[in-house]
Amino acid sequence: MAASPSTARALNDRLALRLLLDRGPLTAAQLKTLTGLSRPTVADLVERLSGSGLVHVVGEAGAERRGPNAKLYGLVADRAHLAALDVRTRSVTVAVTDLLGTPLARASLPVDGDTGTGPAVDAAVALLERTAADAGVERLHSVAVGAPGLIDPATGELRDSTGLPAWHRRLASVLQERLPAHVLLENETNLAAVAELREGAARGREDFVLLWLGQGVGAAVVLGGRLRRGASGGAGEIGFLPVPGTSGLPSATGCEGGFHELACLAAVEALAAGHGLDPAGALASGHGPFLDALARRLAVGAAAVAAVLDPGCVVLAGETGHQGGSELAARVEAELAALSPLRTEVRATTLGDAAVLRGALLRARDDAQDALFP
């Protein structure tokens, strides 16, 4: 069934806006080539998008070409402003950008473990407001928050998890109450996977699993180019995975005894100390026996992921994945090849500590596009 004229116009407009966002300023001729639309149709959509305040002329393609087709059209960057928060157990980092993703301001704030829920939330909100003001932004359109823990797919709220500060659960709702913006909450590991998929180690892949290796241990599952959250939002809670080499079995209320016990940051530091290394620099030390021992541990969890999902690629992220880099990833891949008949490439994060914040900014930008683009 053919699309109605209004539907066709909306589809063409969205396609043109996406090209301008992804490729930067383009001439009408370039839009015609990239979209496959006729010259009159492109002229109409450029006029329509300019009239809506989404597109404007930003320059000319070159002195040798004059006339309408020589004009360069680009998105109006300040049509919307975005913010992202990377919420950790003892800190929060904020970044503010325009619609094109151009960085405008960034700031971080430590949050002491003894800080109460109310003061911690107030401090985080104040940090965002102050950072936006420093960027000259009066109103934020979309704000994405990345935090550890399970996001309830029914309510969109962070579920009560043992070991996580109570202020994490309150922050998103307070932001929504105080800001004239759309606030989104997402698991930090999922956001890191979004960033690695679109801009990092997994770029160009349809299927992969990101292993988050930090104070906590988790995974994000991307299949068919889409993030998979699971029925209860718990896809990737690999810290609870029963594995050999631990003190026992995990439980519904604690991941001690699960893969977390082998791969969390405290376990990695203890392993380094056992090899006579300073934990602070062990991952970058090139110490073969330590890296081999750690790779064997990580391969146990990666083998379970490969056996169930066959993703073809595992990305090591979080502090351990970042600091271990390609050397650790290569050792995990070799260990994994000995455990599983399924060929699985192992890559190190290319975005490092910035992955969560970058993923949150991409999520905020997607949200703004959905609202602004026809």
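For the structure, see preceding data.
Residues numbered from 1 in each chain as written. Predicted model: local features only at pLDDT ≥ 70, side-chain atom pairs only at ≥ 80, totals over all residues. Heavy atoms only, no water.

## As for helix H1 (residues 5-23)
Point 1. Spanning 19 residues, H1 covers 27 Å between terminal C-alpha atoms, matching the ideal 27 Å at 1.5 Å per step.
Point 2. All of the buried residues along H1 are Asn-12, Asp-13, Ala-16, Leu-17, Leu-19, Leu-20 and Leu-21.
Point 3. Where the residues of H1 are buried, they touch helix H2 (28-35), helix H3 (39-51), strand E1 (55-60), strand E2 (71-75) and helix H11 (355-372).
Point 4. One or two steps after H1, the chain reaches Gly-24, where phi turns positive at roughly 85 degrees. (Helix = DSSP H or I, 4+ residues; strand = E, 2+ residues; numbered from the N terminus. Expected span 1.5 Å × (residues − 1). Buried < 20%, exposed > 50% of the residue type's maximum accessible area, 1.4 Å probe, protein only. Contact = heavy atoms within 4.5 Å.)

## Comments concerning unusual backbone geometry
Working note: non-glycine residues mostly have negative phi, and peptide bonds are mostly trans.
Point 1. Unusually for a residue other than glycine, Asp-310 sits at a positive phi of about 45 degrees.
Point 2. Inspection of the secondary structure assignment puts Asp-310 in the loop between helix H9 (288-309) and strand E11 (313-317).

## Regarding the sheet that holds strand E5 (residues 103-110)
Point 1. Spatially, E5-E4-E3-E6-E7 is the arrangement adopted by the 5 strands of the open sheet, whose pairing is mixed. The sheet terminates laterally at E5 and strand E7 (182-187), the two strands that pair on one side only. Averaged over neighbouring strand pairs, the angle between their axes works out to 15 degrees when direction is ignored.
Point 2. Pairing geometry for strand E3 (residues 81-88) and strand E6 (residues 142-147), over 5 bridges, is parallel. Bridging across to E6, Ala-83 finds its partner in Val-143. (Pairing = 2+ DSSP bridges. Axes fitted to C-alpha atoms, helices over the stretch in contact; angles between N-to-C directions.)

## Here's the deal with the nonpolar core
Point 1. Residues Val-55, Phe-208 and Leu-210 are the most contacted members of the largest nonpolar core, which totals 51 residues.
Point 2. Apart from the residues within four sequence positions on either side, Phe-208 is in contact with Ala-193, Leu-197, Ala-202, Ala-220, Val-221, Val-222, Pro-311, Cys-313 and Val-315.
Point 3. Membership of the second largest hydrophobic core comes to 36 residues, among which are Ala-219, Ala-272, Leu-298 and Leu-328. (Core = buried A, V, L, I, M, F, W, Y, C linked by side-chain atoms within 4.5 Å.)

## Digging into the packing of H1 against H2
Point 1. Packing of H1 against H2 leaves a shortest axis separation of 11 Å and a crossing angle of 110 degrees. Our classification of the angle between H1 and H2 gives roughly perpendicular. Note that H1 runs across H2; the crossing there is right-handed. Between H1 and H2, the residues in contact are Leu-15, Ala-16, Leu-19 and Arg-23 and Leu-31, Leu-34 and Thr-35, respectively.
Point 2. When the residues that make up the contact of H1 with H2 are grouped by side-chain class, the tally is 5 nonpolar, 1 polar and 1 charged. (Parallel < 35°, antiparallel > 145°, perpendicular 65-115°, else oblique. Left-handed = near helix turned anticlockwise from the far one by under 90°. Nonpolar A, V, L, I, M, F, W, Y, C, P; charged D, E, K, R; others polar.)

## Remarks on the sheet that holds strand E8 (residues 208-213)
Point 1. Ordered by their spatial adjacency, 5 strands build an open sheet running E10-E9-E8-E11-E12, and the pairing between neighbours is mixed. Two strands close off the open sheet at either side, each with one partner strand: strand E10 (226-228) and strand E12 (345-348). Along the sheet, successive strands turn relative to each other by an average axial angle of 25 degrees, direction set aside.
Point 2. Relative to strand E9 (residues 217-223), E8 is paired through 6 bridges, and the arrangement is antiparallel. Within the sheet, the bridge partner assigned to Phe-208 lies in E9 and is Val-222.
Point 3. The sheet contacts of H9 involve E8 and E9, and relative to E8 the element is tilted by about 155 degrees.

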